[in-house]
Amino acid sequence: TPNIDRFAGDAFVFRNAFTRHGGTALAIPSIWTGRSVVRKILGPGFGRMKTMQKLLDAEGYRIAINDYTVAGRLNPSVRPTVIDPGVPSPETDLCSNLTGLQQHLAQPGTGAHPLFAFFAPMNVHLINTRHQGHAATSDGDYPGFYGPYASRLKRIDGCFGDFVSYLKREGRYDDSIIIVTSDHGESLGEDGLWGHAFWLFPEDNRLPLLLNVPG
């Protein structure tokens, strides 16, 4: 991941970040609340707990988001720009998300208010790296790593690097807060275990967390 590595040189790197939940359905909402959301996501309680949206509303941010995150659970008054609408969760792709975001940023009048973009791509989810049959393949040899995972990580690293280069060309990089993180980790064969949500080993609950703040 050379592009993420270069980005880390500009960022705060948190080496001991852990998810609140080991599965997506609760872990992504917990990012928006800053706390655990057990039994709350499907009930009215989540609406009161969405700290992230309260902060965005207070500062006048617009929202760009992909489907199958919390897009359908934002306050009714919010009309976010949905990037890649209708794409099922297992098929969400960071490269496509970032291309859609660039297209949105290029539209006239989008600079009137600050923009908060939130994407939850599934490129390196076990659904795609192990359970999709023909899709669980590798584009090369990655000694010491699980090839289908490593090849997808290499691809999204390239797309992320292209997006950072775009921000710099457009003079937006020094005016952007950029966070690289995840909702949970993944077991990739350690002790014969694959996946997440069923156990609490570090590889499942420990997260990457890179935070770049201008200046």
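So, a few notes on the structure that sits alongside this text. (Residues numbered from 1 in each chain as written. Predicted model: local features only at pLDDT ≥ 70, side-chain atom pairs only at ≥ 80, totals over all residues. Heavy atoms only, no water.)

Some details on the nonpolar core
- Of all hydrophobic cores here, the largest spans 21 residues; its most connected members are F7, F160 and L210.
- Of all the elements in the fold, those that place two or more residues in this core are α1 (2-10), α5 (94-105), α7 (147-169) and β6 (178-180).
- Among the elements that take part in this core, α7 stands out by supplying 6 residues, more than any other.
- Excluding residues that lie within four positions of it along the chain, F160 makes contacts with I4, F7, L98, I178 and V180.
- I28, W32, A71 and V78 belong to the second largest nonpolar core, which has 15 residues in total. (Core = buried A, V, L, I, M, F, W, Y, C linked by side-chain atoms within 4.5 Å. Buried < 20%, exposed > 50% of the residue type's maximum accessible area, 1.4 Å probe, protein only. Helix = DSSP H or I, 4+ residues; strand = E, 2+ residues; numbered from the N terminus. Contact = heavy atoms within 4.5 Å.)

Concerning the packing of aromatic side chains
- All chains considered together, the criterion is met by 7 aromatic pairs.
- Summarising the aromatic geometry, the rings of W32 and F118 are spaced 5.3 Å apart at their centres and angled 75 degrees between planes, so their arrangement reads as edge-to-face. One end of the pair, W32, is in helix α2 (residues 24-33); the other, F118, is in strand β5 (residues 115-118), with 86 residues separating them in the sequence. One exposure class covers both W32 and F118, and it is buried.
- Here the aromatic rings of Y146 and W194 are separated by 4.9 Å at their centres, their planes lie at 65 degrees, and the arrangement is edge-to-face. Of the two residues, Y146 is situated in the loop between α6 (126-129) and α7 and W194 in strand β8 (residues 194-195); the sequence distance between them amounts to 48 residues.
- Owing to a relative accessible area of 25%, W194 belongs among the partly exposed residues under this scheme.
- One aromatic cluster is present, built from ring pairs that chain together W32, F116 and F118.
- In this structure, R130 packs its charged tip against the face of W194, placed 3.8 Å from the ring centre.
- Above the ring of Y173, the side-chain terminus of K168 is found at 4.8 Å from the ring centroid. (Phe/Tyr/Trp six-rings, centres within 6.5 Å; stacked < 30°, edge-to-face > 60°. Lys NZ or Arg CZ within 6 Å of the ring centre and 35° of its normal.)

Observations concerning the sheet that holds strand β3 (residues 62-66)
- Judged by pairing direction, the sheet is parallel, and its 3 strands sit side by side in the order β4-β3-β5 without closing on themselves. Each edge of the open sheet is held by one strand with a lone partner, namely β4 (81-83) and β5. Neighbour-to-neighbour, the strand axes of this sheet turn through a mean angle of 20 degrees, independent of strand direction.
- In this sheet, β5 lies alongside β3 in parallel orientation, the contact comprising 4 bridges. Residue A64 lies in a different strand from β5, and its bridge partner there is A117.
- Most of the contacts of α5 go to β4, to which it runs at about 145 degrees, and overall it touches β3, β4 and β5. (Pairing = 2+ DSSP bridges. Axes fitted to C-alpha atoms, helices over the stretch in contact; angles between N-to-C directions.)

Keep in mind these values describe shape, not function.
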